[in-house]
Amino acid sequence: MTLRIGVIGTGAIGQEHIERLSHKLIGAQVVAVNDIHEETAKAAVARLGIQAKFYADPHALIKSDDVDALVVTSWGPTHEEFVLASIAAGKPVFCEKPLAVTAQGCKNIVDAEIKHGKRLVQVGFMRPFDLTYRQLKATLDNGEIGQPLLLNCKHFNPEVGESYTTPMAIVDTLIHELDVLRWLLDDDYVSARVIYPRKTSKASNHLADPQVVILETAKGIVINTQIFVNCQYGYDIQCEVVGEQGIAYLPEPNQVTIRKNAHVQRGILMDWKKRFIEAYDVELQAFINNATSGNFTSGASAWDGYAAAVAADACVKAQQTGNIEPIVMPAMPIFYNK
Ligand code: NAD
Ligand code: ISE
């Protein structure tokens, strides 16, 4: 069976996902697209050489009998509306992060999914599918460095556009760490604090950059994450776990090492698309398999999206107050037990 997919939002990651669904992965076909910019959607369809109908109305696309499942890759503030409409139509939906821009928005989705009675939602948190994070998790789970005590992480981007603001460092960027570290440590967060170091001259007036977020978990692990989205030199994701018996580092992406002219050199990626390219492939193949079988056995759930958003809300508050803000995570409903 071929899963007929409708894509809402044909910008950067929308086009990446359409390409992998159409030309790389197995069992799916993109048959419908929507974007508020009609020309963007039509140009993407032409460039990628696919047969997909343009729908001016995203809700008509969601309801269409020609569409079995949805991929939502529009701007974050639109996600809640489109995911709720997909659940109302009883159709599986892959939604890029964030699931919704507030914890309450994610909770509305969780409630709708539970009411529907069957899992339909997968969130685009791809890092748990990434080989390097899986290697790091296996090292921790094998007890190779003993109990984890302390983490030092970095989420660095070379630059961001003018529309990027201070809270986006949390809801757009740190949200990946909020998801993957909860999975890596099998733990939940209990508090957050944000510190603003000296500001880079490369950041706009409406962006504090870099930022340091300090999270504490229920097991007492302290996580120090530096977010620096105008670092200039590369797209650099780092994670160092200090344990009772040693330190484990997230492996660097594979790059050739060159020894030349009295230097040892290794490249650093500049683009998020390349750093996690395999993880995006695996997560979307998982979605095709989940949606086709009707059994969501892998990938981030709506509850995972909600958990990250609860922590993100506290981090945004901590940005504003300068205080240590509590993170109170309700117990997971049995519905989401894996
Ligand atoms: P983008 O701006 O390149 O594309 C977004 C597209 O959505 C645009 O074409 C825009 O016209 C369209 N759009 C906006 N409002 C719409 C609406 N109401 N109806 C239909 N289309 C609408 O942004 P992007 O970088 O592709 O990001 C899209 C989403 O994907 C964001 O939520 C972002 O956080 C997420 N993202 C995730 C990753 C990841 O690593 N998982 C990477 C990049 C982006
Ligand atoms: C982008 O929105 C993503 O989600 C990428 O994974 C992230 O690392 C990048 O910083 C964001 O802009």
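The name given to the chain in an unreviewed UniProt entry is Inositol 2-dehydrogenase, and the organism recorded there is Conservatibacter flavescens. In its Subunit (unreviewed entry) section, the UniProt entry covering the chain states "Homotetramer."

Visitor: Any chance you could break down the overall build of the chain for me, citing the residues and the numbers?
Guide: Scanning the chain for helices and strands turns up ten helices and 15 strands. For the C-alpha atoms alone, the extent of the chain along its principal axes is close to 55 × 55 × 45 Å. A fraction of 72% describes how many contacts in the chain between residues 6 or more apart in sequence connect residues 24 or more apart. Counting only carbon and sulfur atoms, one obtains 52% of the accessible surface of the chain, whose full area is about 15600 Å².

Visitor: Residue-level account of the nonpolar core, with values.
Guide: Of all hydrophobic cores here, the largest spans 80 residues; its most connected members are Val121 and Leu151. Looking at which element gives the most residues to this core, the answer is helix α10 (residues 302-321), with twelve residues. Two domains share this core, each providing at least three of its residues, namely domain 1 (3-124 + 277-300) and domain 2 (128-273 + 310-326). Setting aside residues up to four positions removed in sequence, Val121 forms contacts with Val83, Ile87, Val93, Leu99, Ile109, Glu113, Phe296, Ala300, Ser301 and Ala302. Within the second largest apolar cluster, 23 residues are counted, among which are Val7, Leu25, Val45 and Leu48.

Visitor: How would you summarise the pairing of strand β5 (residues 93-96) if you had to cite specific residues and measurements?
Guide: Burial of β5 is two-sided: the residues Val93 and Cys95 facing one way and the residues Phe94 and Glu96 facing the other way are all buried. Across three bridges, strand β4 (residues 69-72) lies against β5 in parallel orientation. Across the sheet, Val72 pairs through a bridge with Cys95, a residue of β5. On the question of chirality, the crossover connecting β4 to the parallel β5 by way of helix α4 (residues 79-88) is right-handed. The pairing of β5 with strand β6 (residues 121-124) spans four bridges and is parallel. Counterpart to Glu96 in the pairing with β6 is Gly124. Regarding topology, helix α5 (residues 103-116) serves as the crossover connection from β5 to the parallel β6, and that connection is right-handed.

Visitor: Describe in detail the site of ligand 2, supporting the description with residues and values.
Guide: Residues in contact with ligand 2, as listed here, are Lys97, Met126, His155, Asn157, Asp172, His176, Tyr235 and Tyr280. Within the side chain of Asp172, an N or O atom sits 3.5 Å from an oxygen atom of ligand 2. Tyr235 places a polar side-chain atom, nitrogen or oxygen, 2.4 Å from an oxygen atom of ligand 2. Calculation on ligand 2 without its partners gives an accessible area of 300 Å², and the protein chains cover 84% of this total. Residues belonging to the shell around ligand 2 are distributed by class as follows: three nonpolar, three polar and two charged.

Rules behind the numbers
- The numbering scheme is per chain: residues are counted from 1 as the chain's sequence reads.
- Labels are handed out in written order, letters beginning with A for the chains and numbers beginning with 1 for the ligands.
- For a predicted model such as this one, the threshold for reporting local features is a pLDDT of at least 70, and the threshold for listing and counting side-chain atom pairs is 80 or more; totals across whole chains, interfaces and linings nevertheless cover every residue.
- The side-chain values count all of the structure's non-hydrogen atoms but skip hydrogen atoms and water molecules.
- UniProt positions are given in the numbering used here, feature names are shortened, and annotations may be inferred rather than shown by experiment.
- Only DSSP runs of H or I covering at least 4 residues are called helices, and only runs of E covering at least 2 are called strands; the numbering of each starts at the N terminus.
- Only heavy atoms matter for contacts: two residues are in contact if any of them lie within 4.5 Å across the pair.
- Every accessible area reported is derived by Shrake-Rupley at a probe size of 1.4 Å, with residue values counting cover from the shown protein chains alone.
- By nonpolar core we mean a set of buried residues, namely Ala, Val, Leu, Ile, Met, Phe, Trp, Tyr and Cys, connected to one another through side-chain atoms within 4.5 Å.
- Here's how the labels work: a residue is buried when its accessible area is under 20% of the maximum for its type, exposed when over 50%, partly exposed in between, all with a 1.4 Å probe on protein chains only.
- Each domain's extent is set by a domain assignment, obtained either automatically or from a database.
- Strands pair, by our definition, only if DSSP identifies at least two bridges between them.
- Handedness of a crossover: with both strands directed away from the viewer, a clockwise path from the first strand across the helix to the second marks it as right-handed.
- What makes a residue near a molecule or strand is one non-hydrogen atom of that residue sitting within 4 Å of it.
- Whenever a nitrogen or oxygen atom comes within 3.5 Å of another N or O atom, the pair is scored as a polar contact, on the condition that within protein one atom can donate a hydrogen and the other can accept it, and that pairs from neighbouring residues in sequence are kept only if both atoms are in side chains.
- Throughout, the ten residues Ala, Val, Leu, Ile, Met, Phe, Trp, Tyr, Cys and Pro are labelled nonpolar, Asp, Glu, Lys and Arg are labelled charged, and all others, Gly among them, are labelled polar.

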